[in-house]
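Examination of the molecular architecture
Here's the letter readout for the chains.
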Amino acid sequence: MGQDRIKQLLGQAAAEAIKPLLTPETYIGVGTGSTANYFIDALSDLKLHFAGAVASSIVSAERLQAQQIQVVSLNESGPLGVYVDGADEIDPSFSMTKGGGGALTREKIVASAAAHFICIADQTKWVKRLGQFPLPIEVIPMSRSTVARQLVALGGTPVLRENFLTDNGNEILDVHDLEIDDPAALEAALNHLPGIVTNGLFALRPADQLLMDVDGQIQTYRVGQR
């Protein structure tokens, strides 16, 4: 089965999974990326069952609007019933590396406002230990070199993502070679470096539930079940 078909099935499974959480007053958070796009498409059949959506990127907002789903800001929505997004890597504690698409800051903000976080990922994203995928870090442009030197001191090899700005107008350093033995501790440490807006570790607020394909079948897991 091709990857696009697997992602489509994951998007459909996520739409089914959120049904019990929806009320006419519920706002949902929507992630960014190719797998999240299929979730957005699957939401079309549910749009009368919830109040609207908060998007984690301009691209996702435009796709939601194309499905005639109301998009509101997080300031308007208040707390979210559920957030659905993909991952670049996810480990057995459901900590994740995210930000390959560059939306990590808004993704982290929206995830933090949700009562329930569902990660949808194909089985290639499952790892025993985070760090195979370079860690994206969004930085204020004037701080890029200063932050890069501090990342080198931590053992990383930062590479500027060329010709790319986030929706917030910032730059991204993709950091290779980091030893991520304790994702939550590293996430917290990076949060304290001046100039870093957000890092792509989602460990302090990991996923609550994982939908993943296993040999072409979509399985649902909670922490400790896989």
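Predicted model, so just to flag it, every value in this text is computed and none were measured.

What counts and what doesn't
- Residues numbered from 1 in each chain as written.
- Predicted model: local features only at pLDDT ≥ 70, side-chain atom pairs only at ≥ 80, totals over all residues.
- Heavy atoms only, no water.
- Helix = DSSP H or I, 4+ residues; strand = E, 2+ residues; numbered from the N terminus.
- Rg over C-alpha atoms; globule rule 2.2 N^0.38 Å.
- Buried < 20%, exposed > 50% of the residue type's maximum accessible area, 1.4 Å probe, protein only.
- Areas by Shrake-Rupley, 256 points an atom, 1.4 Å probe, with all protein chains shown as cover.
- Salt bridge = Lys/Arg side-chain N within 4 Å of Asp/Glu carboxyl O.
- Pairing = 2+ DSSP bridges.
- Core = buried A, V, L, I, M, F, W, Y, C linked by side-chain atoms within 4.5 Å.
- Contact = heavy atoms within 4.5 Å.

Looking only at helices and strands, one finds seven helices and 13 strands in the protein. The C-alpha atoms of the protein give a radius of gyration of 17 Å, which matches the 17 Å a tight globule of 226 residues would have. Oriented by its inertia axes, the alpha-carbon framework of the protein measures out at about 50 × 40 × 30 Å. Looking at the protein residue by residue over its 226 residues, the buried ones come to 51%. Counting only carbon and sulfur atoms, one obtains 50% of the accessible surface of the protein, whose full area is about 10,200 Å².

All right, on to the pattern of salt bridges then. For the structure on display, the rule yields eleven salt bridges. By sharing partners, the salt bridges in this structure join Asp85, Lys98 and Glu107 into a single network.

With respect to burial, strand E7 (residues 135-139) is a largely interior element, five of its five residues being buried. In terms of strand pairing, E7 meets strand E10 (residues 196-199) through three bridges, oriented antiparallel. Its bridge partner being in E10, valine 139 is matched across the sheet by isoleucine 196.

Within the largest apolar cluster, 24 residues are counted, with the highest numbers of intra-cluster contacts made by Ile18, Ile28, Phe39 and Leu43. If one sorts the elements of this core by residue count, helix H1 (residues 3-18) sits on top with five residues. Discounting residues that sit within four places of it in the chain, isoleucine 18 has contacts with Ile28, Phe39, Leu43, Leu46, Val82, Val84 and Ile118. Listed in part, the 22 residues of the second largest apolar core include Ala51, Val54, Ala87 and Met96.

So, on to the environment of valine 59. Here valine 59 shows up in helix H3 (residues 58-66). Under the relative-accessibility criterion, valine 59 is labelled exposed at 53%. Separated by 84 residues in sequence, valine 59 and serine 143 have C-alpha atoms that sit 27 Å apart.

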